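# Remarks on the overall topology
The residues making up each chain are set out below.
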Amino acid sequence: MIAPRDEMPLVQFEGGEALAFDPGWLTRRLVCAAEKAGYPQWWLAEHVSASVSNYLRYRYEGNVLTAPRLADAVASVLQVIGYAEVARHFEPGPPPAQISLLELAKKAGSGYELAFFELLSRSMAQLLAIRTAYFELRDLELCVKTLRTRKIWSSECRALRDDIVSFLRERLAAATHPVTFSVF
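Below is a summary of the structure that appears in this document. Here the structure is a predicted model, which means the values were calculated and not measured. (Residues numbered from 1 in each chain as written. Predicted model: local features only at pLDDT ≥ 70, side-chain atom pairs only at ≥ 80, totals over all residues. Heavy atoms only, no water.)

Attention now moves to unusual backbone geometry. Among all residues except glycine, the phi angle is most often negative; among peptide bonds, the trans geometry is most common. Residues other than glycine seldom take positive phi values, yet D139 does so here, at roughly 65°. On the secondary structure map, D139 appears in the loop between β5 (134-138) and α7 (140-148). Taking relative accessible area as the criterion, D139 reaches 25% and is therefore assigned partly exposed. Phi is positive for T149, close to 50°, though the residue is something other than glycine. Within the secondary structure, T149 is located in the loop between α7 and α8 (155-173). (Helix = DSSP H or I, 4+ residues; strand = E, 2+ residues; numbered from the N terminus. Buried < 20%, exposed > 50% of the residue type's maximum accessible area, 1.4 Å probe, protein only.)

Another point: the environment of L65. With respect to the helices and strands, L65 occurs in strand β3 (residues 64-66). The exposure class assigned to L65 is buried, which follows from its relative accessible area of 2%. Sequence-wise, L65 and A18 are 47 residues apart; in three dimensions their C-alpha atoms are separated by 8.8 Å. If we skip the residues at most four places from it in the chain, L65 touches L10, V11, Q12, L56, Y60 and L70. (Contact = heavy atoms within 4.5 Å.)

Okay, the nonpolar core next. With 28 residues, the main nonpolar core has L30, W42, L70 and L78 as its most contacted residues. Looking at this core, the elements that each hand over two or more residues are α1 (23-36), α2 (45-58), α3 (67-80) and α4 (84-89). Here this core takes 7 residues from α3, the largest share from any one element. With near-sequence residues (within four places) excluded, W42 lies in contact with L30, A34, V48, L78, Y83 and V86. Residues I99, V144, V165 and F167 belong to the second largest nonpolar core, which totals 27 residues. (Core = buried A, V, L, I, M, F, W, Y, C linked by side-chain atoms within 4.5 Å.)

Residue pairs three or four apart in sequence face the same way in an α-helix, which turns once every 3.6 residues. Helix length check: α2 (14 residues) gives 20 Å between terminal C-alpha atoms against 20 Å at 1.5 Å per residue, within 8%. Taken together, the buried positions of α2 are occupied by A45, V48, S49, V52, S53 and L56. Buried residues along α2 cover an arc of 135° about the axis, so they all sit on one side. Exposed and oriented more than 90 degrees from the buried face of α2 are E46, H47 and Y58. In the core, the buried residues of α2 are packed alongside α1, β3 and α3. (Expected span 1.5 Å × (residues − 1). Arc of directions from axis to C-beta.)

Within the structure shown, the criterion is met by 7 aromatic pairs. When the centroid spacing of 6.5 Å and the interplanar angle of 90° are considered together, the rings of F21 and W25 count as edge-to-face. Neither residue differs from the other here; F21 and W25 are each classed as buried. Here the aromatic rings of Y39 and Y83 are separated by 5.3 Å at their centres, their planes lie at 75°, and the arrangement is edge-to-face. Of the two residues, Y39 sits in the loop between α1 and α2 while Y83 sits in the loop between α3 and α4, which places them 44 residues apart along the sequence. These aromatic residues form a ring-pair network of at least three members: F13, F21 and W25. (Phe/Tyr/Trp six-rings, centres within 6.5 Å; stacked < 30°, edge-to-face > 60°.)

What follows is the structure, encoded as C-alpha cells:
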C-alpha cells in the first residue's frame, strides 16, 4: 500500500482494508461519539477533525495509519481540549459505503425508473452481501430530476423521491444484519 507523500495517509482497518483518510468521515464519527457521551449538538467535531487532519498531513511520517493509532491521535486531541469522555466513545470504524444515486440514474437513462431501481437493488445487494452496516446514498435530488427529466423540482419529483426512500427502507429492513443509511 502506497500513499503519496503530499497526500493524507491511508487508514488501515481490521481485516487489512486500507482506505484514504476522509476528514468528513472523521467528523461524523466524532459527532456519534459526542452524542454517546451526552453532547447531542457538539460543535467541536469539525475543529477536532481539522486538527487531526493537519497532524496527519504535516507531521505524520508514514503512508499507512492503523485504526488504533488514529484513535490514539483523536483521543490525544480530545483529552487536551477537555473532552476525554468523547474519546472513550470514539470508534474508528471504516467509512460508510457510498452509492451515487445520480450515477445509477445516468446508467439507467432518463425516464427509465425501472432500470434505475434494478441498478439500485443490485448495488445494495452487493454491499449487503459483505455485511456493510452503514450506507450513504448521495445525490437524491439530482437523481430524481434526471429520471424525471426536470430542471425544476415538481410534485412528480417529490413522489419519485418518496418512492426511492420507501424502496431503500424496504430493502434495508430485509437485511440479515443491522443496517442504517443516510440519503442526501
